[in-house]
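The residues making up each chain are set out below.
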Amino acid sequence: MSEYIPSPSQWVADQVELYEGSNGTEGLTLRDTGLPVIIVTNRGNKTGAIRKTPLMRVADGNNYVLVASKGGAPEHPLWYHNLKADPDVQIRDGAQVFTMQVREVDDPAEKRRLWDIAVAAFPPYQEYQDKTDRVIPVFIAKPAK
Ligand code: F42
């Protein structure tokens, strides 16, 4: 078992601790938005450590859409590089935990469809895209075979 290294961002680490510590019964939403969050558990591509990243819950059937927005920051979040290097993840959605595999969505039509679903679930994603020069990456997570 690898070491788990919490996020250096305190509010993020706090959300993970509450969410996971309660087995997905508390800390389920982003601050006061009331909008649901999932927790992605993955491996760091340099440290090999376990990382846990809360993201907005964007569902497409049994799949999840992961949006690497980082609040519209100029650079991709580090978890983007982690998922590119190792696509095997666990996703906690409330009390349920799924073993999943992620893939970055490159196809323009597929990306447009998933982007629209993401913005419907969390409208600020569009503001984040509008304020940054980078194209925000999107992953699709599917149940592992
Ligand atoms: N971020 C999003 O991008 N999209 C969302 O939908 C989203 C929703 C959300 C909801 C609730 C919440 O609490 C947070 C939310 N966030 C969302 C923020 C998200 O959880 C991340 O904190 C944010 O995207 C920044 O990701 P980051 O991976 O850049 O995090 C930094 C702060 C971080 O953890 N840095 C670590 C550190 O020690 O500096 C390094 C982490 C790391 O992965 N290291 C790798 C390793 O090997 O261990 C090496 C990575 C490399 O390639 O260098």
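Each remark here, short or long, concerns the structure printed above.
Since this is a predicted model, take the numbers as computed values, not measurements. (Residues numbered from 1 in each chain as written. Predicted model: local features only at pLDDT ≥ 70, side-chain atom pairs only at ≥ 80, totals over all residues. Heavy atoms only, no water.)

Q: Talk me through unusual backbone geometry; I want residue IDs and the actual numbers.
A: Trans is the common state for peptide bonds, and a negative phi is the common state for residues other than glycine. Residue Arg-31 is not a glycine yet carries a positive backbone phi of 40 degrees. Inspection of the secondary structure puts Arg-31 in the loop between helix H1 (10–21) and strand S1 (37–43). Using a relative accessible area of 59% as the deciding quantity, one classes Arg-31 as exposed. Of note, the phi angle at Lys-70 is positive, near 45 degrees, even though the residue is not glycine. Judged by its relative accessible area of 45%, Lys-70 falls in the partly exposed class. (Helix = DSSP H or I, 4+ residues; strand = E, 2+ residues; numbered from the N terminus. Buried < 20%, exposed > 50% of the residue type's maximum accessible area, 1.4 Å probe, protein only.)

Q: Tell me about the pattern of salt bridges, residues and numbers included.
A: Evaluated as defined, the whole model comprises 7 salt bridges. Put simply, Glu-20 and Lys-52 hold a salt bridge, and the shortest N to O gap is 2.9 Å. Of the two residues, Glu-20 is situated in helix H1 and Lys-52 in strand S2 (residues 50–56); the sequence distance between them amounts to 32 residues. Taking relative accessible area as the criterion, Glu-20 reaches 22% and is therefore assigned partly exposed. When its relative accessible area of 17% is taken as the criterion, Lys-52 is described as buried. Residue Arg-113 pairs with Asp-60 through a salt bridge whose shortest N-O separation is 2.9 Å. Of this pair, Arg-113 sits in helix H3 (residues 108–121) while Asp-60 sits in strand S3 (residues 59–60), and the two are 53 residues apart along the sequence. Counted as one network, the salt bridges with shared partners bring together Glu-20, Lys-52 and Arg-92. (Salt bridge = Lys/Arg side-chain N within 4 Å of Asp/Glu carboxyl O.)

Q: Describe the side chain of Gln-129, listing the residues and the values that go with them.
A: Tracing the chain through its elements places Gln-129 in helix H4 (residues 124–131). Of the residues examined, Gln-129 reaches a relative accessible area of 18% and is grouped as buried. With residues near it in sequence (within four places) discarded, Gln-129 still touches Trp-115, Arg-134, Val-135 and Ile-136. (Contact = heavy atoms within 4.5 Å.)

Q: Explain the packing of aromatic side chains to me, using residue names and the numbers behind them.
A: Two measures describe an aromatic ring pair: the distance that separates the ring centres and the angle between the ring planes. All chains considered together, the criterion is met by 6 aromatic pairs. With a centroid separation of 5.6 Å and 50 degrees between ring planes, the pair formed by Tyr-80 and Phe-139 is classed as tilted. Of this pair, Tyr-80 sits in helix H2 (residues 78–85) while Phe-139 sits in strand S7 (residues 138–143), and the two are 59 residues apart along the sequence. Taken together, the ring pairs in this structure connect Trp-115, Phe-122, Tyr-125 and Tyr-128 into an aromatic cluster. The ring of Trp-11 is capped by Arg-31, whose NZ or CZ atom sits 4.0 Å from the centre of that ring. (Phe/Tyr/Trp six-rings, centres within 6.5 Å; stacked < 30°, edge-to-face > 60°. Lys NZ or Arg CZ within 6 Å of the ring centre and 35° of its normal.)

Q: Tell me about the sheet that holds S1, residues and numbers included.
A: Reading across the sheet, the 7 strands line up as S2-S1-S5-S6-S7-S4-S3 and stay open at both edges, with antiparallel pairing between neighbours. Only two strands of the sheet have a single neighbouring strand rather than two, namely S2 and S3. Inspection of the sheet shows S1 paired to S2 by 7 bridges, in the antiparallel sense. Looking at the pairing, Val-40 lines up with Thr-53 of S2. Lying on the sheet, H2 is in contact with S1, S2, strand S4 (63–67), strand S5 (88–93), strand S6 (96–104) and S7; it crosses S7 at an angle near 45 degrees. (Pairing = 2+ DSSP bridges. Axes fitted to C-alpha atoms, helices over the stretch in contact; angles between N-to-C directions.)

Q: Hey, could you go over the site of the ligand for me, with residue numbers and the actual values?
A: Within the structure, the ligand sits among 26 residues, and Gln-15, Lys-46, Thr-47, Asn-82 and Tyr-125 are positioned closest to it. A distance of 2.6 Å separates an oxygen atom of the ligand from a polar atom in the side chain of Asn-82. Burial of the ligand by the protein amounts to 82% of the accessible area it has alone, namely 1,000 Å². Of all the cavities here, the one that holds the ligand is the largest pocket. For the shell around the ligand, the secondary-structure elements that each account for two or more residues are H1, S2 and H2. In the shell around the ligand, the residues fall into 14 nonpolar, 9 polar and 3 charged. (Near = heavy atom within 4 Å. Polar contact = N/O pair within 3.5 Å; in protein donor to acceptor, adjacent residues only side chain to side chain. Areas by Shrake-Rupley, 256 points an atom, 1.4 Å probe, with all protein chains shown as cover. 1 Å grid on protein atoms, 1.4 Å probe; cavity = no way out; pocket = protein on both sides within 12 Å on 5 of 7 lines; lining within 4 Å. Sits in = over half its atoms within 2 Å of the grid points. Nonpolar A, V, L, I, M, F, W, Y, C, P; charged D, E, K, R; others polar.)

The quantities given are spatial measurements derived from coordinates; they are silent on function.
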